Amino acid sequence: MTRLHLALVLASLLSALLLVRTQYESRTLFSALHRAQAEARRLEIEDETLQLERRAQATPLRVEKLAREQLQMRNPSPAITQYVDRVASSPSNAASAP
């Protein structure tokens, strides 16, 4: 009978240790999940902020202003437009010319 009692006590102790270990792992995983969710929320907010900044930077008015000021571009006009004659510049005509 004492063997049976000893086996039951050992089984109870082993079960209690496994229960404590499982609860610890559960708390650790819950904490990690909470941190990951907080990080995901932070990244979503950062992504939304960056999207707004990108939209603000890409407005047509801002792009045109940068093109004029930094790249010194201007609107095309007939006075500055150069037309290229396609017939004179085609490679097949250049090869057949004497």
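The sections below set out a description of the structure shown in this document. Every chain is numbered independently, its residues counted from 1 as its sequence is written. In keeping with the model being predicted, local features are shown solely for residues with a pLDDT of at least 70 and side-chain atom pairs are shown and tallied solely at 80 or more, while totals for entire chains, interfaces and linings include all residues. The side-chain numbers reported here are obtained from all heavy atoms of the structure, hydrogens and water having been left aside.

So, on to the overall build of the chain. The way it works is that DSSP assigns letters per residue, a run of H or I at least four long becomes a helix, a run of E at least two long becomes a strand, and they are numbered from the N terminus. Along its length, the chain carries four helices and zero strands. Ordered by position from N to C terminus, the α and β elements of the chain give α-α-α-α. Only protein chains enter the accessibility calculation, which uses a 1.4 Å probe; a residue is then buried when its area is under 20% of its type maximum, exposed when over 50%, and partly exposed in between. Residues classed as buried in the chain amount to 2% of the 98 residues present. Residue burial considers only the protein chains on display, and all accessible areas are found by Shrake-Rupley using a 1.4 Å probe. As displayed, the chain offers around 9600 Å² of accessible surface, 63% of which is attributable to carbon and sulfur atoms.

It is worth spelling out the environment of T81 at this point. Relative to the helices and strands, T81 is located in the loop between α2 (60-69) and α3 (86-89). Any N or O atom pair separated by 3.5 Å or less is treated as a polar contact, with the protein-specific requirement of one donor-capable and one acceptor-capable atom, and with residues adjacent in sequence counted only for side-chain atom pairs. In this structure the side chain of T81 is engaged in a polar contact, spanning 2.6 Å, whose partner is the backbone oxygen of S77.

So, about the pattern of salt bridges. Each salt bridge in this description consists of a side-chain nitrogen of Lys or Arg and a carboxyl oxygen of Asp or Glu lying within 4 Å of one another. The full count for this structure, using the stated rule, is four salt bridges. The closest approach of N and O atoms between E25 and R21, which form a salt bridge, is 3.3 Å. Placement of the pair is E25 and R21 together in helix α1 (residues 2-57), with a separation of four residues, close to one helical turn. Take R21: its relative accessible area is 53%, and that puts it in the exposed class. Bridged by salt links that share partners, the residues E39, R42 and E46 form one connected network.

To continue, consider a nonpolar patch on the surface. A contiguous nonpolar patch, built from L6, V9, L10 and L13 and spanning about 390 Å² of accessible area, is present on the exposed surface. Locating V9 in the fold gives a position in helix α1. Under the relative-accessibility criterion, V9 is labelled partly exposed at 47%. Nonpolar side chains (Val, Leu, Ile, Met, Phe, Trp, Tyr) are joined into patches within 5 Å and like charges within 9 Å, using only residues with over 30% relative accessible area and no salt bridge.

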